[in-house]
Amino acid sequence: MYDIIGDIHGEFDSLVEMLQTLGYKKEAGFYAHPERKAVFVGDFVDRGFRVIDSLCLIKNMVDHGSAFAIVGNHELNVLAYYTKDDEGNSLREHSLKNKAQIRRTYLEFQANKEAKKIYLKWLRSLPLFLEFDGFRVIHACWDQEAVDLIKTKHPDNRLNKKFLRKIYTTKGKLYDACMLILKGREFALPNDLVIKDSYGIKRNMFRIKWWNKMEGESFSSLAFGNRFRLPNYTIPLELCENIPPYSEQELPVFFGHYCLNGQAGVVRDNLCCVDACVANGGHLIAYRWDGNTKLKQENIVEV
């Protein structure tokens, strides 16, 4: 059996509390459960104040076989920031904006260069997605075409240096596939539709439900995990994109990324978002997998 644990974002104390609540005990320097294994959905870094401690705990569990872990978009940002291309330039520009996005991780890595080396190498070894006998795990969006492309073109399924250089240099279909599964599907608003968030910043893109077709949906019903309200009128057919739906007959998918606060948990019988915004005033949640392909909100544990 497995416990699928949501985005950590450096909130080490919440992570320890969650593991203890789930019955994991620390023995021989790492947490383990006699009958279960943890599965982490990515986004261990940034925001919280104990990034390295969180990475250390998760790495020890993975190394000793008591957990699995995949990368999220925040790990991608950190790895691209610290990886150089063939000409010695960083794949992710060292601009104020990009440095601000990884600020907590950057500060901890600056203070501990040895840890930086260890954990960058480890993050490069983690898979982009996982498939178990009864369920799938991905950070933001299970798109079968994107997953199949990565399986074919990059069967290693890792963000190693060579692969990162390749996708950031070409910015082709493989790059798009990685961005889709790690950052989710977004939709561009029409130019004449002006939306502003609570900070007064204009938004021209919004995150959408990647498992639904767009036809017949309104802007608000299609939206998922946004911090601003969208209008309730139907999306014009000429704007609709051909999004492959994720059938309710498919295997369950567990994902994080969307910072849903109190709305996190089972989204549909075979879909569960385990990101409840632990580093943004929310809490940490996990789903206790019991082998049932029909997911139940009662299996959610929160701390």
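Residues numbered from 1 in each chain as written. Predicted model: local features only at pLDDT ≥ 70, side-chain atom pairs only at ≥ 80, totals over all residues. Heavy atoms only, no water.

Asker: Help me understand helix H1 (residues 12-21), please; the structure alone is not making it clear to me.
Answerer: In an α-helix there are 3.6 residues to a turn, and that puts residues three or four apart on one side. Listed in full, the buried residues belonging to H1 are Phe 12, Ser 14, Leu 15, Val 16, Met 18 and Leu 19. Considering only its buried residues, H1 is in contact with strand E1 (2-5), strand E3 (30-32), strand E4 (37-40), helix H2 (51-63), strand E15 (285-289) and strand E16 (300-302). Taken from the residues just after H1, Gly 23 is the one with a positive phi, measuring 95°. (Buried < 20%, exposed > 50% of the residue type's maximum accessible area, 1.4 Å probe, protein only. Helix = DSSP H or I, 4+ residues; strand = E, 2+ residues; numbered from the N terminus. Contact = heavy atoms within 4.5 Å.)

Asker: Is there a simple way to think about the packing of aromatic side chains in this case?
Answerer: Both the distance between ring centres and the angle between the ring planes are used here to describe each pair of aromatic rings. The tally for this structure, following the rule as stated, stands at 27 aromatic pairs. For the pair Tyr 81 and Tyr 82, a centre-to-centre distance of 5.2 Å together with 75° between the ring planes defines the contact as edge-to-face. Judged by relative accessible area, which is 17%, Tyr 82 ranks as buried. (Phe/Tyr/Trp six-rings, centres within 6.5 Å; stacked < 30°, edge-to-face > 60°.)

Asker: In this structure, what is going on with the side chain of Asp 43? I would like to understand it.
Answerer: In this fold, Asp 43 is placed in the loop between E4 and H2. Beyond its immediate chain neighbours, meaning those up to four positions away, Asp 43 contacts Asp 7, Ile 8, His 9, Gly 72, Asn 73, His 74, Glu 75 and His 139.

Asker: Explanation requested: the state of the cysteines in the structure shown.
Answerer: A covalent bond between the sulfur atoms of two cysteines is referred to as a disulfide. A complete count under the given rule lists one disulfide for this structure. At a sulfur-sulfur separation of 1.5 Å, the disulfide partner of Cys 259 is Cys 277. Taking the sign of the S-S torsion, 120° for the link of Cys 259 and Cys 277, the bridge is right-handed. One end of the pair, Cys 259, is in the loop between strand E12 (253-255) and strand E13 (265-268); the other, Cys 277, is in the loop between strand E14 (271-273) and E15, with 18 residues separating them in the sequence. Cys 141 takes part in no disulfide bond, and the closest cysteine sulfur to it belongs to Cys 273, at a distance of 12 Å. (Disulfide = S-S within 2.5 Å.)

Asker: Explanation requested: the pairing of E15 in the structure shown.
Answerer: Look at any regular strand and the pattern is simple: side chains alternate between the two faces of the sheet. Buried residues dominate E15, accounting for four of its five residues. Pairing between E1 and E15: four bridges, direction antiparallel. Following the sheet pairing, Tyr 2 is matched in E15 by Trp 289. With three bridges connecting them, E15 and E16 associate as antiparallel partners. Bridge assignment links Ile 285 to a residue of E16, and that residue is Glu 302. (Pairing = 2+ DSSP bridges.)

Asker: In this structure, what is going on with the packing of helix H3 (residues 73-82) against helix H9 (residues 173-183)? I would like to understand it.
Answerer: For any two helices packed against each other, one specifies the crossing angle of their axes together with the interaxial distance. Contact geometry for H3 and H9: axes closest at 8 Å, N-to-C directions at 135°. In terms of axis orientation, H3 runs oblique to H9. Between H3, through Asn 73, Leu 76 and Asn 77, and H9, the contact on the second element is made entirely by Met 179, Leu 182 and Lys 183. Residue classes in the contact of H3 with H9 are distributed as three nonpolar, two polar and one charged. (Axes fitted to C-alpha atoms, helices over the stretch in contact; angles between N-to-C directions. Parallel < 35°, antiparallel > 145°, perpendicular 65-115°, else oblique. Nonpolar A, V, L, I, M, F, W, Y, C, P; charged D, E, K, R; others polar.)

Asker: Help me understand the nonpolar core in this model?
Answerer: Ile 5, Phe 40, Phe 44, Trp 210 and Phe 255 are the most contacted members of the largest nonpolar core, which has 93 residues in total. The dominant element in this core, judged by the number of residues it contributes, is H9, at eight residues. The residues contacting Ile 5, other than those within four sequence positions of it, are Met 18, Leu 19, Leu 22, Ala 38, Val 39, Phe 40, Val 41, Val 274, Leu 284, Ile 285 and Ala 286. In terms of nonpolar packing, the next biggest core, distinct from the first, is built from 15 residues, Met 214, Phe 219, Ala 223 and Ile 243 among them. (Core = buried A, V, L, I, M, F, W, Y, C linked by side-chain atoms within 4.5 Å.)

Asker: It is not clear to me how the pattern of salt bridges should be interpreted in this structure. Could you clarify?
Answerer: One side chain can pair with another of opposite charge once the charged atoms of both are near each other. For the structure on display, the rule yields ten salt bridges. Arg 50 is paired through a salt bridge with Asp 13; the nearest N and O atoms lie 3.1 Å apart. Linking Arg 50 in the loop between E4 and H2 with Asp 13 in helix H1, this pair joins segments that are 37 residues apart in sequence. Given the relative accessible area of 32%, Arg 50 is considered partly exposed. Residue classification places Asp 13 among the exposed positions, given a relative accessible area of 52%. The salt bridge involving Lys 59 is made with Asp 63; its shortest N-O contact spans 2.7 Å. Of this pair, Lys 59 and Asp 63 both sit in helix H2, four residues apart, roughly one helical turn. For Lys 59, a relative accessible area of 19% gives the class buried. According to the relative accessible area criterion, Asp 63 is partly exposed, its value standing at 44%. Here the residues in one salt-bridge network are Glu 131, Arg 136, Lys 151 and Glu 250, joined through shared partners. (Salt bridge = Lys/Arg side-chain N within 4 Å of Asp/Glu carboxyl O.)

Asker: Whenever I open this one, the sheet that holds E1 confuses me. Can you help?
Answerer: Pairing between the strands of a sheet is mediated by backbone hydrogen bonds and can be parallel or antiparallel. In space, the five strands of this open sheet follow the order E5-E4-E1-E15-E16, with mixed pairing throughout. Two strands lie at the open edges of the sheet, namely strand E5 (67-69) and E16, each paired on one side alone. The mean angle between the axes of side-by-side strands here comes to 25°, regardless of whether they run parallel or antiparallel. Running at roughly 130° to E16, H1 makes contact with E1, E4, E15 and E16 of the sheet.

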